[in-house]
Amino acid sequence: MAIPARSAKRGRKAISLGMHSTLPTIRATTILAVRRNGEVALGGDGQVTVGDTVMKSNAQKVRTLQNGRLLAGFAGAAADAFTLFEKFEEKLKRFPDNLPRAAVDLAKDWRSDRVLRRLEALLIVASREHGFIISGTGDIIEPDDGILAIGSGGTYALAAARALVGSTELEPRDVVRRALTIAGEICVYTNTNITVIEPGV
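Residues numbered from 1 in each chain as written. Predicted model: local features only at pLDDT ≥ 70, side-chain atom pairs only at ≥ 80, totals over all residues. Heavy atoms only, no water.

Novice: What exactly am I supposed to notice about the overall build of the protein chain here?
Specialist: Looking only at helices and strands, one finds 5 helices and 12 strands in the protein chain. Considering the protein chain as a whole, with its 201 residues, one finds that 42% of them fall into the buried category. For the protein chain, long-range pairs separated by at least 24 residues make up 60% of all intrachain contacts whose partners lie at least 6 apart in sequence. Surface accessibility of the protein chain: about 11,300 Å² in total, with carbon and sulfur atoms responsible for 51%. (Helix = DSSP H or I, 4+ residues; strand = E, 2+ residues; numbered from the N terminus. Buried < 20%, exposed > 50% of the residue type's maximum accessible area, 1.4 Å probe, protein only. Contact = heavy atoms within 4.5 Å. Areas by Shrake-Rupley, 256 points an atom, 1.4 Å probe, with all protein chains shown as cover.)

Right, here's the structure in full:
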């Protein structure tokens, strides 16, 4: 029995719409920053997961800003994060010696700007004096203990870092590396291909 052309077209359209409505979720990171004894380090793993498939194992999710004086890392969509990095660097040029003011201005723009508020990412920015988690909802969080974590394995990394800071005299870079390794061994969306950065002299 032949199917009428109009019905066939409807069938193809329905199948197409069904495929587009079930796009896999991209999970892409664990980022951790630790400030201790006047020093700071920030690190991230390298895994990018799409649905139940590991697509990349050595992604770079951390970078320095302001000629190496500041550290930044992102969790979320890479293109969105790089757009936010560019906006944040503009704020740093406007307030070169005032990281809190630059962070507040970025959060205000991110929440109110029609284009920026669609960006899906979380940022950590840190210096030797300050560390902030910034979100698109206007939230700016500076933890009292100087330990900041975001991403799929962020809670595991945060717990491990707090335990290490409370029980050892390790330098921030060593705390970051060990805590991210622990997170990578627990969280399926995090690996142990870790990059750790520190501010320049």
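Novice: Can you help me understand the layout of surface pockets in this one?
Specialist: When its volume is computed, the second largest pocket comes out at roughly 200 Å³. Lining of the second largest pocket is provided by 14 residues; of these, Gln 66, Arg 69, Leu 70, Ser 127 and Glu 129 occupy positions nearest its centre. Grouping the amino acids of the lining of the second largest pocket by side-chain chemistry returns 5 nonpolar, 5 polar and 4 charged. (1 Å grid on protein atoms, 1.4 Å probe; cavity = no way out; pocket = protein on both sides within 12 Å on 5 of 7 lines; lining within 4 Å. Points joined across faces, edges and corners; volume = space filled by probe spheres on them. Nonpolar A, V, L, I, M, F, W, Y, C, P; charged D, E, K, R; others polar.)

Novice: How should the packing of helix H4 (residues 154-167) against helix H5 (residues 172-186) be read in this particular structure?
Specialist: Between two packed helices, both the angle of their axes relative to each other and the distance between the axes serve to describe the pair. Where H4 meets H5, the closest approach of the two axes is 8 Å, and the angle between their N-to-C directions is 140 degrees. Classified by the interaxial angle, the pair formed by H4 and H5 is oblique. In terms of crossing hand, the pair formed by H4 and H5 is right-handed. Every residue of H5 that contacts H4 at Tyr 156, Ala 157, Ala 160, Ala 161, Leu 164 and Val 165 is listed here: Val 175, Arg 178, Ala 179, Leu 180, Ile 182, Ala 183 and Ile 186. (Axes fitted to C-alpha atoms, helices over the stretch in contact; angles between N-to-C directions. Parallel < 35°, antiparallel > 145°, perpendicular 65-115°, else oblique. Left-handed = near helix turned anticlockwise from the far one by under 90°.)

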